Amino acid sequence: MTPSLTALLCLGLRVGLRTHVQAGTLPKATIWAEPGSVIPWGSPVTIWCQGTLGAREFRLHKEGSSAPWDRRPPLEPRDKGKFSIPHMTQPDTGRYHCYYRRLTEWSELSDHLELVVTGVHSKPTLSALPSPVVTSGGNVTLQCSSGQRWDGFILTKEGEPKSSWTLDAQRSPYGQTQALLSVGPVTSSHRWTFRCHGFNRDTPYVWSAPSDPLELLVPGVSGKPSLLTPPGPVVASGQSLTLQCRSDVGYDRFALSQEGGQALPQRPGRQPQAGLSQADFPLGPVTSTHGGRYRCYGGHNLSSAWSAPSEPLDVLVAGWFPDTPSLSVQPGPVVASGENVTLLCQSGSTKEIFLLSKEGAARPPLRLRSKYRGRHFQAEFSMSPVTSAHSGTYRCYSSLSSNPYLLSQASAPLELVVSASHPQDYTVENLIRMGVAGSILLGLGILLFQAPHGHGGTPDAAGS
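Source: prediction; values computed, not measured. Throughout this description, residue numbers start from 1 for each chain and increase along the sequence as written. Residues qualify for local features only when their pLDDT is at least 70, as the model is predicted, and side-chain atom pairs are given and counted only at 80 or more; totals for whole chains, interfaces and linings, by contrast, use all residues. Computation of side-chain values: all heavy atoms of the structure, hydrogens and water removed.

Draft legend 1. Representation of the sheet that holds strand β14 (residues 170-171) within the structure. Here a strand pair is declared whenever DSSP counts at least two bridges between the two strands. Put simply, DSSP marks the helices as runs of H or I at least four residues long and the strands as runs of E at least two long, and each gets a number from the N terminus on. Read across the sheet, four strands follow the order β10-β11-β15-β14 without closing on themselves; strand pairing throughout is antiparallel. The open sheet has two edge strands, β10 (125-129) and β14, and neither has a second partner. In terms of strand pairing, β14 meets strand β15 (residues 177-186) through two bridges, oriented antiparallel. Within the sheet, the bridge partner assigned to Gln170 lies in β15 and is Gln178.

In structure tokens form, the structure reads like this:
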């Protein structure tokens, strides 16, 4: 058979199919896929075709094919056809229609169903600019990017209302491909969860693996939780760290945000005790990326609304710079309540900021700009007047203003003791007391010495 004849026969089949369908008198079929039309590579998918009662046969047509892709008898009550793909791969992708027959009558073609396979290539990255935390009514820019050269990206919004966008990819100066989309106004009336895939124009139904989900968080006004770090705000590089978000409101879930970061991890709430809900956010071994300002939010599973943000918590990473400052105290490590005390932090390295931390204190460290004096950079932390609450172990650190969350090594610990009353020097008092006691004893001795002479002189005088 010559190629031209083959082409004419194929064309005839297509025209015959089109003419046959257009002449259909039965109601149009309905087509859908389960679990959906976007299927991971190698996973099963079922295509359903819904007709009317009494159907005798269902057919599935894939665009680009001259013959029906598959035929199936109806399932009881003879109004539905089932087409199964046990392992989804690239040849199964494309645009599908279905139709059915009842006696000698055929239905119209259904609307099209686009079947997509994902996971052929690595996932892109989806981020929100400037932050995934968005003020109610505000706009945010979503950025889908990848180190792979894609022609475009598919951005999908999960939940209701469900939406999708096809975006042309742009080349970034760093060799990546990316696409931007402005979304808004964002409100708390429903959840805003997105994913994106990369694709190429020559295979539009073959997508990359999906990005990690990105949920936008819209802070509300309900009771704000508290964010704590049990070991204190200063942690050593490499140390394990867990942040705790807790509230007495009884939230079902909590979210943690880092200022300037894209991650927005969520954890289910638990009740360590009655009337208190809490979630732990383990950050693992601490690195420079963990230094920063954090906030947390509480929410309920059946609501898209979130609470007001917690008060900010600064996590400071010590040991990032090799220098170790020194810490000293004036007038000394043991002082009386009410005295004035100065803690002096010094470093031979160029540092712009010094921090003073008290062991066990929940509040953030004191922070002062350094001054250059006597070949040292230093800062003087004044405490006046001191009380017993100032007693404790102190350390100081140095830092740079360009990254205030990364600190030097800690100074040697300095213990400050504040006594309840003024420590007294009893030497002078004892001398005075001894002098007074000596004077008294001397006076008594003189009196005792003079007493016999006084008594002896009286009779003589009387006798004369």
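Draft legend 2. Region of the structure containing the packing of aromatic side chains. Here a Phe, Tyr or Trp ring, Trp counted by its six-membered ring, pairs with any other such ring whose centre lies within 6.5 Å, and the pair is stacked when the planes are under 30 degrees apart, edge-to-face when over 60, and tilted otherwise. Summed over the entire model, instances satisfying the criterion amount to seven aromatic pairs. Centre to centre, the rings of Phe58 and Tyr100 are 5.7 Å apart; their planes meet at 35°, and the pair counts as tilted. On the criterion of sequence distance, the pair formed by Phe58 in strand β4 (residues 57-62) and Tyr100 in strand β7 (residues 94-102) is long-range, its members being 42 residues apart. Assigned by exposure class, Phe58 and Tyr100 land together as buried. With a centroid separation of 5.5 Å and an interplanar angle of 85°, the aromatic rings of Trp69 and Tyr96 are classed as edge-to-face. Taken as a pair, Trp69 in the loop between β4 and β5 (70-72) and Tyr96 in strand β7 lie far apart in primary sequence, 27 residues in all. Put simply, a charge is over a ring when the Lys NZ or the Arg CZ is close to the ring centre, within 6 Å, and near the line of the ring normal, within 35 degrees. The positively charged end of Lys80 is found above the aromatic ring belonging to Trp48, 5.3 Å away from the centroid. Taking the ring centre of Phe321 as reference, the NZ or CZ of Lys351 above it sits at 5.1 Å. Summary of the burial criterion: residues with accessible area below 20% of their type's maximum are buried, those above 50% are exposed, and those between are partly exposed, where the area comes from a 1.4 Å probe applied to protein chains only.

Draft legend 3. Highlighting the pairing of strand β30 (residues 341-347). Taken across its seven residues, β30 has five buried, putting it largely inside the fold. Pairing analysis gives five bridges linking strand β28 (residues 326-330) to β30, with the strands arranged antiparallel. Looking at β30, one finds that Leu327 is bridged to Cys345. In terms of strand pairing, β30 meets strand β34 (residues 376-383) through seven bridges, oriented antiparallel. Within β34, the residue paired with Leu344 across the bridge is Glu380.

Draft legend 4. View of the environment of Pro86. Tracing the chain through its elements places Pro86 in the loop between β6 (80-85) and β7. The residues touching Pro86, leaving out its near neighbours within four places in the chain, are Gly42, Ser43 and Pro44. Whether two residues touch is decided by their heavy atoms; if any such pair falls within 4.5 Å, the residues are in contact.

Draft legend 5. How the structure looks around the sheet that holds β6. Taken in spatial order, the three strands of this open sheet run β1-β3-β6, and their pairing is antiparallel. Of all strands in the sheet, those with a lone pairing partner are β1 (30-34) and β6, marking the two edges. Strand-to-strand twist of the sheet, defined as the mean angle between neighbouring strand axes without regard to direction, takes the value 20°. Two strands pair when backbone bridges link them, and strand β3 (residues 45-50) and β6 are joined in this way by six bridges, in the antiparallel orientation. Across the sheet, Thr46 pairs through a bridge with Ser84, a residue of β6. Only C-alpha atoms enter the line fits that serve as axes; for helices the fit covers just the stretch in contact. Angles between N-to-C directions range over 0 to 180 degrees.

Draft legend 6. Looking closely at the side chain of Glu215. Looking at the secondary structure, you find Glu215 in strand β18 (residues 214-216). In the analysis that follows, any N or O atom pair within 3.5 Å is treated as a polar contact, provided that within protein one partner can donate a hydrogen and the other can accept it, and provided that, for residues neighboring in sequence, both atoms belong to side chains. Engagement of the side chain of Glu215 in a polar contact is seen with the side chain of Gln266, the distance being 2.6 Å. With near-sequence residues (within four places) excluded, Glu215 lies in contact with Pro132, Arg191, Trp192, Thr193, Arg253, Leu264, Gln266 and Trp306.

Draft legend 7. Quick peek at the pairing of strand β22 (residues 253-258). Here β22 lies mainly inside the structure; five of its six residues are buried. Where β22 lies against strand β23 (residues 266-268), three bridges are found, and the strand directions are antiparallel. Residue pairing across strands places Arg253 opposite Pro268, the latter belonging to β23. Of the pairings in the sheet, the one linking β22 to strand β26 (residues 292-299) comprises six bridges and is antiparallel in character. Pairing of Ala255 across the sheet is with Tyr297, part of β26.

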